[in-house]
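So the chains spell out like this:
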Amino acid sequence: MFPDAGPDDPTVTAMRARELGRKSVVVGDRVSLVGDTSGAPGALARIVRIAERRSVLRRTAEDDATTAEGRLERVVVANADQLVIVSALADPPPRTGFIDRCLVAAYDADIEPLLCLTKADLAGPEAVLGYYTELELPYVLIRPDSDLAALRALLAGRVSVLVGHSGVGKSTLVNRLVPEADRAVGTVSAIGRGRHTSTSAVALRLPPQPDSDGDPGWIIDTPGVRSFGLAHVSAESLLHGFPDLVEATVDCPANCQHTAEEADCALDAWVASGKADPRRLASYRRLLASRSGEGDPREPERNPGDPLAGS
Ligand SMILES: Nc1nc2c(ncn2[C@@H]2O[C@H](COP(=O)(O)OP(=O)(O)OP(=O)(O)O)[C@@H](O)[C@H]2O)c(=O)[nH]1
Ligand SMILES: [Mg+2]
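None of the values given here were measured: they were computed from a predicted structure.

Trainee: Summarise helix H5 (residues 170-177); cite the residues concerned and give the values.
Mentor: Each full turn of the α-helix corresponds to 3.6 residues, which orients residues three or four apart in the same direction. Listing the buried residues of H5 in full gives Lys170, Ser171, Leu173, Val174 and Leu177. All buried residues of H5 project into a common sector of 155° when viewed along the axis, lining one side. In this structure, the buried side of H5 is in contact with strand E6 (82-88), strand E7 (112-118), helix H4 (149-155), strand E9 (159-163), strand E10 (202-205) and strand E11 (218-221).

Trainee: Could you give an account of the site of ligand 1, with specific residues and numbers?
Mentor: Around ligand 1 sit 22 residues in total, of which Ser166, Thr172, Gly186, Thr197 and Gly224 are the nearest. Within the complex, the protein chains bury 84% of what would otherwise be the 670 Å² of accessible surface of ligand 1. Of the residues contributing to the shell around ligand 1, the split by class is 6 nonpolar, 12 polar and 4 charged.

Trainee: Quick one: what's the story with the coordination of the magnesium ion (ligand 2), residue by residue and with numbers?
Mentor: Bound to the magnesium ion (ligand 2) on the protein side are Ser171 (OG) and Ser198 (OG), at distances that span 2.1 Å. Remark: Ser198 occurs in the loop between H5 and E10 and Ser171 occurs in helix H5; sequence separation between them is 27 residues. Overall, Ser171 belongs to the buried group, its relative accessible area being 8%. Judged by its relative accessible area of 11%, Ser198 falls in the buried class.

Trainee: Explain the pairing of E6 to me, using residue names and the numbers behind them.
Mentor: For a regular strand, side-chain orientation follows a simple rule: the groups alternate between the two sheet faces. Within E6, 7 of the 7 residues are buried, which leaves the element mostly enclosed by the surrounding structure. Burial of E6 is two-sided: the residues Gln82, Val84, Val86 and Ala88 facing one way and the residues Leu83, Ile85 and Ser87 facing the other way are all buried. Sheet analysis places E6 next to E7, joined by 7 bridges and oriented parallel. Within E7, the position partnered with Ser87 by the bridge is Leu117.

Trainee: Got a sec to walk through the side chain of Ser166? Specific residues and values, please.
Mentor: Structurally, Ser166 is set in the loop between E9 and H5. The class for Ser166 is buried, based on a relative accessible area of 9%. Of the polar contacts made by the side chain of Ser166, one reaches the backbone nitrogen of Arg195; its length is 3.3 Å. Excluding residues within four positions of it along the chain, Ser166 makes contact with Pro92, Arg193, Gly194, Arg195, His196, Thr197, Gly224 and Val225.

Rules used throughout
- Residues numbered from 1 in each chain as written.
- Chains lettered and ligands numbered in written order.
- Predicted model: local features only at pLDDT ≥ 70, side-chain atom pairs only at ≥ 80, totals over all residues.
- Heavy atoms only, no water.
- Buried < 20%, exposed > 50% of the residue type's maximum accessible area, 1.4 Å probe, protein only.
- Helix = DSSP H or I, 4+ residues; strand = E, 2+ residues; numbered from the N terminus.
- Arc of directions from axis to C-beta.
- Contact = heavy atoms within 4.5 Å.
- Near = heavy atom within 4 Å.
- Areas by Shrake-Rupley, 256 points an atom, 1.4 Å probe, with all protein chains shown as cover.
- Nonpolar A, V, L, I, M, F, W, Y, C, P; charged D, E, K, R; others polar.
- Donors = N, O, S within 2.8 Å, 3.2 Å for Na, K, Ca; no water.
- Pairing = 2+ DSSP bridges.
- Polar contact = N/O pair within 3.5 Å; in protein donor to acceptor, adjacent residues only side chain to side chain.

In short, geometric facts, not functional conclusions.
Laid out in structure tokens, this is it:
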């Protein structure tokens, strides 16, 4: 029904047909085309059907579902198999609060997470990796001269989407993986923020590798985001982004909300006995609070003494 075009097939320009109504087409969608699919100059095809999506990665502008912004839900991509959470180790500095949000979104959408730590030439990964010790989270380290074979192996055979703050090096990485991609790359300002160089998401076919005859996969570059709002994720599902904490909650009283105000929440004892990092519990509770409108995801939420914690 939706055969894949091969690498040598022409690039077809298509527009959404009126019969699709208000349904929007997003990057990663598999579609049926009619009309001129020759790819010749000036040829225009029409998208008449969108296939059922295997996965949908969403984010909201804010965390609080009671506000208009919180209800503004954006589909980032469809049909991704892997969420590559790109975080620089410096310039801009890593924010585990942001990574935690991406992990929640990945588990919620049933997309496998991969942590990609860039700019490893500028700072070491120990602090970030230490925070995730309990989580069997796969990760790769990237520096300008690093060999990308391990990353290519993790990307092979699937559709991966890169997400991260502006300036962390997503497009730089895409250009290395797909030399003809020619994605614009930006600079990072003195305050350590990128300039939102990429303005739209683009899916690119990864090139075949000489030592492998399998499908090299697809990579989707996306514009940098300031926050990853989670208003669409239920309080229950938030916990799935914290597999190191989940187990403790079987000992919670019925209807425990797991907030710091809950006198008998079993998470406090779990952390106190060293079974999980207290910073992970603090991060989970910051997310819970933020969803009920007590925090603003756009502001770095820092814990005094924990420079990694912002989002
Ligand atoms: N030192 C160092 N700099 C890097 C590395 N990767 C990327 N950069 C630099 O970081 C800056 C931002 O890179 P981009 O690739 O534009 O970042 P981006 O994540 O695509 O940013 P947006 O499109 O704004 O979301 C550029 O100046 C890159 O040269 C790295 O591994 N080490
Ligand atoms: Mg970019």
